[in-house]
Amino acid sequence: MTIELIPVPDLGGADKVEVIEVCVAVGDVVEEEQSLVVLETDKASMEIPCPSAGTIVALKVNEGDTIGEGDIIVELEVAGAGAVAEVAAEPEAVTEPEPATEAPAAPSPVSKVALSELLVPVPDLGGSDSVEIIEVCVAVGDDIAEGDSLIVLETDKASMEIPAPVGGKVLDVKVAEGAKVSEGDAIVILQVDVSAASERTEEVVSASESAVQETSNKSAPAATSESPKVDPASAQATAKGDSAYAGPSVRKLARQLGVDLSGVTASGPRNRFTKDDVRNYVKQVVEDATSGKLSSGAGIPKIPEVDFSRFGDIELVKMTKIKKITAENMSRSWLNVPHVTQFDDADITELEVFRKSMKAEAEKRGVKLTPLPFLLKAAAAALRHEPTFNVSLHADGEHMVQKNYVHIGIAVDTPAGLMVPVIRDVDKKGLWELAEETATIAKKSRDGKLMPRDMQGGCFTISSLGAMGGNGFTPIVNAPEVAIMGVSKAQMKPIWNGSDFEPRNMLPLSISYDHRAVNGADAGRFFTYLVAVIGDIRRLLL
Ligand code: COA
């Protein structure tokens, strides 16, 4: 028997994702490919299959956990000889350390160095040892008040601030960022004004004196009641999980500058905000405001909240994560992108004759040849013909990104919400291949099996409501792409051919584009070419 550790595979760039379902339990006998857990990212839910058959001997994740690539999901006992030692030799590597967020036990004493000097040590860390300092909040010469944070420690489970037991001047800092400390290690030496000290300070100092004098007596009563404590509530509050962590000095800076950290991107190690993150954010906001660039809809009045139950019976239905993300993305695109939508009808009479003539062959190949692969192919040809559409705006506001690849997203309606998987290199693929890939990726979307990378890298999107009906609609650009095509239901229409009205099968199309990136003339050329190619698919051969 071999014990295998099954890790989270490559998540296609997604960093930390939430476990929304654990599909196995300890003792379960699982098949190869059987789902172990279901993860949910911003864009999709995905099942992580078991790479081999075996028996689950340990579960390393719980529902609600946030995990990333390489984290162990389960330990699996698989049939086979020999390798036990190799994998089982490192059980420590997957053993979760004890949580450090519990209330610490008795705080440790504050030691006195001289009459007005206090050596402030690391207090009891509630069982944790050798804990990393992620921030030193004070410097020599600082005047600090009682309760000000001295350092921030981070265990596997939480961050915690160590407050100053009394106010004073920092004479010496005994620690540095990145160092590891344990209970009793010196943090700072404070100079305290004993004569002017508050009653509380006197208590601490005198307690410290007795702690120094009675070095063997670690339970000096006043010291245990007044020395620095790890506040488990504050430790919990800063351990936020899916969001970034801000140390006290960063939070102070953010407060001073009126910055809401939820809008700031953290660039520090392990998802921490740095002071530079706050400064850069302010700089960017000022720059954007002065250049009039890329407003995010600030100042738009909110839609008032309404109590609908006043008007009749209602129920609250929880939105799926995908729906919430879609709502956010749509608002972002709608508010940031100046949209223009253009409409046209493509004559698909000949295309439909050809498509239907291929029905028998399609059945033989086991694929369904709908109009969509033709539209993909035509859109790819138009993107190659009019590369001004195959661009994105660069974030610096100075450049356009010209793409030399043609990846096209297709909007897929799924029970969990709208998903847009991307078909890569559409220009290099044939109709059969596109038909097959469209069907596979649409099924994957509906089964919640898309990986983040399946939805990345699109240059253009096709949203087809053709099977459902409608004469036309204005699709919202899927930023940072700059254009999207809406497809409505084809219908026979009388079309004037110069001498008569002829029945033709007409497909209503719309193109919405980002008018910052694409001008009207380019759009006119792109669309005219696209409609012409759809109208005569022989053009794809040219
Ligand atoms: N006009 C008339 N009929 C059309 C058509 C059109 N524009 N497009 C497709 N059809 C027909 C197909 O030929 C097929 O008919 P058949 O069964 O007689 O052969 C039928 O409609 C169903 O097609 P469908 O299975 O939906 O395949 P598809 O390739 O057209 O579309 C998806 C695949 C994944 C795009 C589609 O299923 C889907 O999810 N569409 C919704 C997209 C969406 O929600 N967009 C809104 C975003 S805001």
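How each quantity is defined
Residues numbered from 1 in each chain as written. Predicted model: local features only at pLDDT ≥ 70, side-chain atom pairs only at ≥ 80, totals over all residues. Heavy atoms only, no water. Helix = DSSP H or I, 4+ residues; strand = E, 2+ residues; numbered from the N terminus. Buried < 20%, exposed > 50% of the residue type's maximum accessible area, 1.4 Å probe, protein only. Contact = heavy atoms within 4.5 Å. Areas by Shrake-Rupley, 256 points an atom, 1.4 Å probe, with all protein chains shown as cover. Near = heavy atom within 4 Å. Polar contact = N/O pair within 3.5 Å; in protein donor to acceptor, adjacent residues only side chain to side chain. Nonpolar A, V, L, I, M, F, W, Y, C, P; charged D, E, K, R; others polar. Axes fitted to C-alpha atoms, helices over the stretch in contact; angles between N-to-C directions. Parallel < 35°, antiparallel > 145°, perpendicular 65-115°, else oblique. Left-handed = near helix turned anticlockwise from the far one by under 90°. Salt bridge = Lys/Arg side-chain N within 4 Å of Asp/Glu carboxyl O. Pairing = 2+ DSSP bridges. pLDDT = per-residue confidence, 0-100.

Describing the overall build of the protein chain
So, point 1. In terms of helices and strands, the protein chain carries 13 helices and 28 strands.
So, point 2. The proportion of buried residues among the 542 residues of the protein chain is 41%.
So, point 3. In the protein chain, the proportion of contacts linking residues at least 24 apart, taken out of those at least 6 apart, comes to 62%.
So, point 4. Here the protein chain has roughly 28400 Å² of accessible surface; of this, 52% comes from carbon and sulfur atoms.

Things to note about the site of the ligand
So, point 1. If you check the shell around the ligand, you find 22 residues, and the closest are T370, R446, S463, S488 and A490.
So, point 2. K368 is positioned such that a nitrogen or oxygen atom in its side chain is 3.3 Å from an oxygen atom of the ligand.
So, point 3. Within the backbone of A490, a nitrogen or oxygen atom sits 2.9 Å from a nitrogen atom of the ligand.
So, point 4. For the ligand, whose unbound accessible area comes to 950 Å², protein coverage reaches 71%.
So, point 5. Listed by contribution, the elements that provide at least two residues to the shell around the ligand are α11 (371-385), β22 (412-414), α12 (431-446) and β25 (460-464).
So, point 6. Each residue belonging to the shell around the ligand can be placed in one class, and the counts come to 12 nonpolar, five polar and five charged.

Examining the packing of α11 against helix α13 (residues 520-535)
So, point 1. Between α11 and α13, whose axes approach to 9 Å, the crossing angle comes to 140 degrees. Between α11 and α13, the interaxial angle falls into the category oblique. Remark: the crossing between α11 and α13 carries right-handed chirality. Along the contact surface, α11 presents L375, A378, A379, A381, A382, L383 and H385, while α13 presents F526, Y529, L530, V533 and I534.
So, point 2. In terms of residue class, the contact of α11 with α13 is built from 11 nonpolar, one polar and no charged.

Notes on the pattern of salt bridges
One side chain can pair with another of opposite charge once the charged atoms of both are near each other.
So, point 1. Counted under the stated rule, the structure contains 23 salt bridges.
So, point 2. For D345, the salt bridge goes to K493, with nearest N and O atoms at 3.2 Å. Here K493 lies in strand β27 (residues 491-496) and D345 lies in strand β18 (residues 339-347), a separation of 148 residues in the sequence.
So, point 3. The salt bridge partner of R504 is E350, with a shortest N-O separation of 3.0 Å. Taken together, the positions of R504 in strand β28 (residues 501-514) and E350 in helix α9 (residues 349-357) put the pair 154 residues apart, joining distant regions of the chain.
So, point 4. For R504, a relative accessible area of 14% gives the class buried.
So, point 5. According to the relative accessible area criterion, E350 is partly exposed, its value standing at 45%.
So, point 6. Overlapping salt bridges, with partners in common, bring together D347, E350, E502 and R504 in one network.

Things to note about the pairing of strand β15 (residues 168-173)
So, point 1. Sheet topology places strand β12 (residues 143-144) next to β15; two bridges connect them, and they run antiparallel. The partner of D143 across the bridge, within β15, is K169.
So, point 2. In terms of strand pairing, β15 meets strand β17 (residues 186-191) through four bridges, oriented antiparallel. Within β17, the position partnered with K169 by the bridge is Q191.

Remarks on the confidence of the model for the protein chain
Residues shown with low pLDDT carry predicted positions that ought not to be read at fine detail.
So, point 1. When pLDDT is averaged along the protein chain, the result is 81, and 80% of the positions lie at 70 or above.
So, point 2. A low-confidence stretch, residues 81-115 (pLDDT under 50), is modelled with 76 contacts involving residues beyond four sequence positions or located in other chains.

Concerning the sheet that holds strand β8 (residues 72-78)
So, point 1. Ordered by their spatial adjacency, four strands build an open sheet running β1-β8-β6-β3, and the pairing between neighbours is antiparallel. Each edge of the sheet is formed by a strand with only one pairing partner; in this case those strands are β1 (2-7) and β3 (29-30).
So, point 2. Note: β3 against strand β6 (residues 54-59), two bridges, orientation antiparallel. Bridged to V30 within β6 is G54.

Focus: the environment of D28
So, point 1. Secondary-structure assignment places D28 in the loop between β2 (17-22) and β3.
So, point 2. Relative accessible area serves as the criterion here: at 28%, D28 is assigned to the partly exposed category.
So, point 3. Taking C-alpha positions, D28 is 5.4 Å from I56, a pair spaced 28 residues apart along the chain.
So, point 4. Residues contacting D28, with those up to four places away along its chain left out, are G54, T55 and I56.

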